[in-house]
Amino acid sequence: MDGSNGLSEAEAEFVAFAQSRQPELLRVAHLVCGDVGIAQGVLRHVFVTLARQWGRVEEERPDAVVRHLVYRDAVASWRRRDLPSPRAGEHGIRWQDGGLDEDEDAADDERRRAEVMAALDSLTPAQRAVIVACHLEDHGEDAAAALLGRPLRVVRRDDEAVLALLGWTPDDARENLELASDDLPETDLVGDAWAQAGRQRRSVVRRSLLAAGFVLAGGAVAAVALREPDAPPRPRPVPTSSSSAAVADGRLPLLQVQGVRVYLAPDPRSEANLPVYPLREELALPETLDAGPVEARAVLGEQGLTGVANAVRGVFMVATSGDRSSPVLYAPNASTPYVLVPSVQMPLSSLRSGPLGPRSIADDRHRVVFHRPAAVVILDARDGSVIEVPVPDPTIAAAGWARDGRTVVARGRDAGWLIDPENYGVRRAENAVSPDWSDLVDSGGATVLRTFSGEGELTGTKDLRGPPLVPHGTSVSNTEGWVSTGAWLPETYQRAVQRSQGLMAAQGDLPPIPRVLAATEGPLVPAQCYRALGWGPSAVVFLESRSERAGFQGTVRRVLAWDVTRARLWRVADIGPASLMLGDFTGSFAI
C-alpha cells in the first residue's frame, strides 16, 4: 500500500495515468461523438475497462490501448446533434493570420465553436475520428490508421475528402478543433473506476467459485491446473446432480484447460428450466420466434400498407411457392406486428446457407439485406423499396451491413465484396472482409482473431492464447471488443472436459484468451449445435441451441444468453418449428 493516500501501488499508477490523460481524451471523445455528456460516459466506461485489465495493459502500451478504446467507443456512441449541416464552403471558420484575434469576446468564441461542431455534424463518425486523430492529436496517417484500426488508404482518403468538403487547410483543422474543445467542463471521470473494476472482477471470481463448488459437491474435479503436457489429468464429466444445480439459477460449472476457462453447458433437455434472461422484455421479442399465424400477417403493398415505420426486431423467412421464400418482418410496436414482404423473393435452395445472417438487419433497424448467389437484395422497411445489386460471384453465401451503416459486405467462396447500395458500386476486396468489428478463424492450426474497419476491411490479426480451438460458422462481435462463434474442441479439450463442441468467445483489445461454453455429448446433440446470433448489453452473447427430441421426433431450437464474464446461462425464447409448406416459417431468421 502507498501509505500517503491508502492506495495500492497498482491503483496509484492507474489513477495517475488516467488523470493525466483525461483532459486530452475527453476532447477527443467530445469531438468524435458530438456530445459532452455522451463523451463523459464513454471515458468513464473506458477507464473502468482499463482498470479491470491494468496489469496486462501496463505491460504493453497503455497510451495506445486507451486511445484505441476511446476512439472506438466514441465512434460507436456518436449522435447527430440537432443542428443544420452547413454546405461545403459555408462554414465561415477559416482563420487568418495564424489564428484567432485575442480580443474576440466569449460570445464570438461560442458562435465559432457552434460553427465547428455544425461542420463536424456533416461528417460520418469515422470521418470525425480521422480528422481528430490526424489534426487535433497530430498523428501521421500511418499512426492514425493503426490507432483507428482502419486501412491506411481509407484514412488518407477520408482525411483528404474532409478537408476538401469543409474548405479547411491542415492548420485550419487543428485550430478549429482546438477551439471547439477548449471549454469543456472539468469533472473527475476517473472517480471510482478502480473500485468498480474490482467489483466486476470479484463478481466473476465469486461466480466461478460457486460454479466450482457445484462440481466439487458432486465429487468431480472442478479445475484443471496448468500442467506439463506429459502428465494430463483426466477429470470426469460433471455429474447430473451438479448440472441440475447449475440449471436452477443459470450458473455454469467451470473447468480450466491450460489457462482457458471452459464452462459446462447443461443437457438440452434442461434448457427449458433455465432462468429467463432478466432483460428479455427490453429485447422486444416474442416468447416463440416464428413468422406468426398466417391470418395475423399484414401484407406490404396491400390495404394501403406501403411501409413499416417502427423498428424491425426480427425477420423470418416463409415459404411462398414451391421454390421461393419471402420475409416476414416483426415490428412489435406496429399496429400489425407481422408484415409479409412478397416483393422480396429468395430461392428456397439458398436456405441451406440461409439468406439471412447476424448483420442482415442494419443498426437503424429499418434496412435489411438478403444474399443469394450473384446478388444482394436490400429492403427498406420504411417505404417498402427493394433494390437488387448484382455481384459478379455465383458463390455468394453471406452478406451483412458493415458498422459504418452504409456498406454491405458480401462473401463468396474465394472472395469478399464491398457494396455501396446508393450507387450500386461493387468492389472486390484485396483481403478478408467482415461486416462486423472482428471474427474468429482457424489459420494453419492456430486460432486467429481478425479485426476489421467500419467499412468491413481487414485491419489486423492476433493469435489466441491457450490450446487452439477450431472456429466454425459466422462470428459476431460488439463495440467492447468481444467476439464469439461456434467451435470444435480438439483433443486437448476433449481429454479434459470430455466434450467436443460448443461456443467460444474472446476479448480482442488485449492479448486474447478464449472462453468456451462446451455443449453436452449424446445422440440428441447434433453437430454445430450452437450458433452465435449477436451481442446484448456488456458481455452477453445470444446463441441458438439445437437438439433432437427424444425418439428423434423433430428438432428443438432455442435462443439462449451466455454472460461470458459472469458465467451465467439464461433462456431467452423458443424458436418455432420449421417447415417448407406454403406460408410456413422455413427456419431461417435474423434478430
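Everything numeric here is computed off the predicted structure, so don't read it as measured data. All residue numbers refer to position in the chain's written sequence, counted from 1. Restriction of local features to residues with pLDDT of at least 70 applies here, the model being predicted, together with a cutoff of 80 or more for giving and counting side-chain atom pairs; totals for whole chains, interfaces and linings are based on all residues. With hydrogens and water stripped out, all remaining heavy atoms of the structure feed into the side-chain values.

Examining the overall build of the protein chain
Definition in use: What counts as a helix is a DSSP run of H or I of at least four residues, what counts as a strand is a run of E of at least two, and both are numbered from the N terminus. Type-normalised accessible area, obtained with a 1.4 Å probe on protein chains alone, sets the label of each residue: buried when under 20%, exposed when over 50%, and partly exposed for intermediate values. Contacts are residue-level and defined by heavy atoms, with any inter-residue pair within 4.5 Å sufficient. Surface exposure here means Shrake-Rupley accessible area, sampled with a 1.4 Å probe, where a residue is shielded only by the protein chains that are shown.
Along the backbone of the protein chain there are 13 helices and 27 strands. Counting only residues that meet the buried cut, the protein chain has 54% of its 591 residues in that class. Contacts spanning at least 24 positions in sequence make up 59% of the contacts within the protein chain whose residues lie at least 6 apart. Per element, the accessible surface of the protein chain, about 25600 Å² overall, is 49% carbon and sulfur.

Topic: the pattern of salt bridges
Our working definition: Criterion for a salt bridge: a side-chain nitrogen of Lys or Arg within 4 Å of a carboxyl oxygen of Asp or Glu.
With the rule as written, the count across this model stands at 30 salt bridges. Across the pair arginine 156 and glutamate 141 runs a salt bridge whose closest N-O atoms are separated by 2.9 Å. Here glutamate 141 lies in helix α7 (residues 141–148) and arginine 156 lies in helix α8 (residues 152–166), a separation of 15 residues in the sequence. For arginine 156, a relative accessible area of 35% gives the class partly exposed. In the salt-bridge network here, residues are joined through shared partners; they are Arg21, Glu24, Asp63, Arg67 and Glu137.

Some details on the nonpolar core
So the rule is basically this: Among buried residues, those of type Ala, Val, Leu, Ile, Met, Phe, Trp, Tyr and Cys that are joined through side-chain atoms within 4.5 Å constitute a nonpolar core.
Counting residues in each nonpolar core, the largest one holds 57 residues, and the members touching the most others are Phe14, Leu31, Phe47, Tyr71, Leu120, Val132 and Trp168. The biggest single contributor to this core is helix α1 (residues 9–33), with 11 residues. Residues contacting tyrosine 71, with those up to four places away along its chain left out, are Val28, Val32, Ala129, Val132, Ala133, Glu137, Leu147 and Leu148. Within the second largest apolar cluster, 25 residues are counted, among which are Leu252, Ala532, Trp535 and Trp562.

Notes on empty space enclosed by the protein
Note the threshold: Using protein atoms alone on a 1 Å grid, points that fit a 1.4 Å probe yet trap it form a cavity, whereas open point sets bounded by protein on both sides within 12 Å along at least five of seven lines form a pocket; residues with an atom within 4 Å of a point count as lining. Grid points are joined across faces, edges and corners, and a volume is the space filled by probe spheres set on the points.
Counted by the stated rule, this structure contains three cavities of 30 Å³ or more. Taken together, Gly357, Pro358, Arg531, Leu533, Phe589, Ala590 and Ile591 form the lining of the largest cavity. Breaking the lining of the largest cavity down by element, the ones donating at least two residues are β23 (530–535) and β27 (585–590).

Comments concerning the environment of tyrosine 263
Following the sequence through the fold, tyrosine 263 ends up in strand β2 (residues 260–264). The buried category is assigned to tyrosine 263, whose relative accessible area is 0%. In this structure, the C-alpha to C-alpha distance between tyrosine 263 and leucine 503, residues 240 residues apart in sequence, is 9.9 Å.

So, the sheet that holds strand β16 (residues 438–443)
Across a sheet, paired strands are connected by hydrogen bonds in the backbone, their directions being either parallel or antiparallel. Quick note on the threshold: By this definition, two strands are paired if DSSP reports at least two bridges between them. The angle between two axes is taken between their N-to-C directions and runs from 0 to 180 degrees, where each axis is a line fitted to C-alpha atoms and a helix contributes only its stretch in contact.
Strand order across the open sheet formed by three strands is β16-β17-β18, with antiparallel pairing between neighbours. Strands with a single pairing partner mark the edges of an open sheet, and in this sheet they are β16 and β18 (458–463). The mean angle between the axes of side-by-side strands here comes to 30 degrees, regardless of whether they run parallel or antiparallel. In this sheet, strand β17 (residues 446–452) lies alongside β16 in antiparallel orientation, the contact comprising six bridges. When the sheet's bridge partners are listed, serine 443 is paired in β17 with alanine 446.

Some details on α7
Note the cut-off: Starting at the helix axis, one direction is taken to each C-beta atom, and the arc is that of these directions.
Those residues of α7 not exposed but buried are Ala144, Ala145, Leu147 and Leu148. Considered in projection along α7, the buried side chains sweep an arc of 165 degrees and stay on one side of the axis. Across α7 from its buried face, at more than 90 degrees, point the exposed residues Asp142 and Ala146. Just downstream of α7 lies glycine 149, where phi reads positive at about 70 degrees.

A short note on the environment of proline 471
Inspection of the secondary structure assignment puts proline 471 in strand β19 (residues 470–477). As a C-alpha pair, proline 471 and glutamine 501 span 30 residues in sequence and 9.7 Å in three-dimensional space. Sequence-distant contacts of proline 471, defined by excluding residues within four places in its chain, comprise Leu440, Val441, Asp442, Thr447, Thr485, Gly486, Ala487 and Met504.

Regarding the packing of helix α6 (residues 125–136) against α8
Filter applied, for reference: Note on angle classes: values under 35 degrees are labelled roughly parallel, values over 145 roughly antiparallel, values of 65 to 115 roughly perpendicular, and the remainder oblique. Amino acids outside the nonpolar list (Ala, Val, Leu, Ile, Met, Phe, Trp, Tyr, Cys, Pro) and the charged list (Asp, Glu, Lys, Arg) are all regarded as polar, and Gly is one of them.
As a packed pair, α6 and α8 sit with axes 9 Å apart at the nearest point and diverge in direction by 90 degrees. When the interaxial angle is binned, α6 and α8 end up roughly perpendicular. Taking contact as the criterion, the partners of Gln127, Val130, Ile131, Cys134 and His135 in α6 are, on α8, Val155, Asp158, Asp159, Val162 and Leu163. Within the contact of α6 with α8, the residues separate by chemical class into six nonpolar, two polar and two charged.

Examining the packing of aromatic side chains
Note the cut-off: Two aromatic rings, drawn from Phe, Tyr or Trp (for Trp, its six-membered ring), form a pair once their centres lie within 6.5 Å of each other, and the interplanar angle then sorts them: stacked below 30 degrees, edge-to-face above 60, tilted otherwise. A ring is scored as having a charge over it whenever the NZ atom of a lysine or the CZ atom of an arginine sits within 6 Å of its centre and within 35 degrees of its normal.
In this structure the tally under the stated criterion is 10 aromatic pairs. Judged by centre distance (5.5 Å) and plane angle (45 degrees), the rings of phenylalanine 17 and tryptophan 54 are tilted. Of the two residues, phenylalanine 17 sits in helix α1 while tryptophan 54 sits in helix α3 (residues 54–59), which places them 37 residues apart along the sequence. Across the pair, tryptophan 54 and phenylalanine 17 agree in class, each one buried. When the ring centre of phenylalanine 589 is taken as origin, the NZ or CZ atom of arginine 531, which lies over that ring, is 5.5 Å away.

Examining the side chain of histidine 30
Within the fold, histidine 30 resides in helix α1. Assessed through its relative accessible area of 8%, histidine 30 is described here as buried. Leave out the neighbours within four places in its chain, and histidine 30 touches Asp35, Val36, Ala39, Met117, Arg128, Ala180, Ser181 and Leu184.

Observations concerning the pairing of β19
In the sheet, β19 pairs with strand β20 (residues 482–488) via five bridges, with the strands oriented antiparallel. Following the sheet pairing, valine 476 is matched in β20 by serine 484. Between β19 and β20, which pair antiparallel and follow one another directly, the connecting turn spans four residues, one of which, glycine 481, has a positive phi of 95 degrees.

As for the confidence of the model for the protein chain
We count it as follows: Every residue gets a pLDDT, meaning the predictor's confidence in that residue, from 0 to 100.
Model confidence for the protein chain is summarised by a mean pLDDT of 82, while 83% of its residues fall at 70 or above. Helix α10 (residues 193–217) is the least confidently modelled element of the protein chain, averaging 50 in pLDDT, while strand β22 (residues 515–518) averages 97, the highest of any element. Across residues 79–102, confidence stays below pLDDT 50; counting only partners more than four residues off in sequence or on other chains, it has 50 contacts. With pLDDT under 50 throughout, residues 203–245 is counted as low confidence; its partners more than four residues away or in other chains account for 58 contacts.

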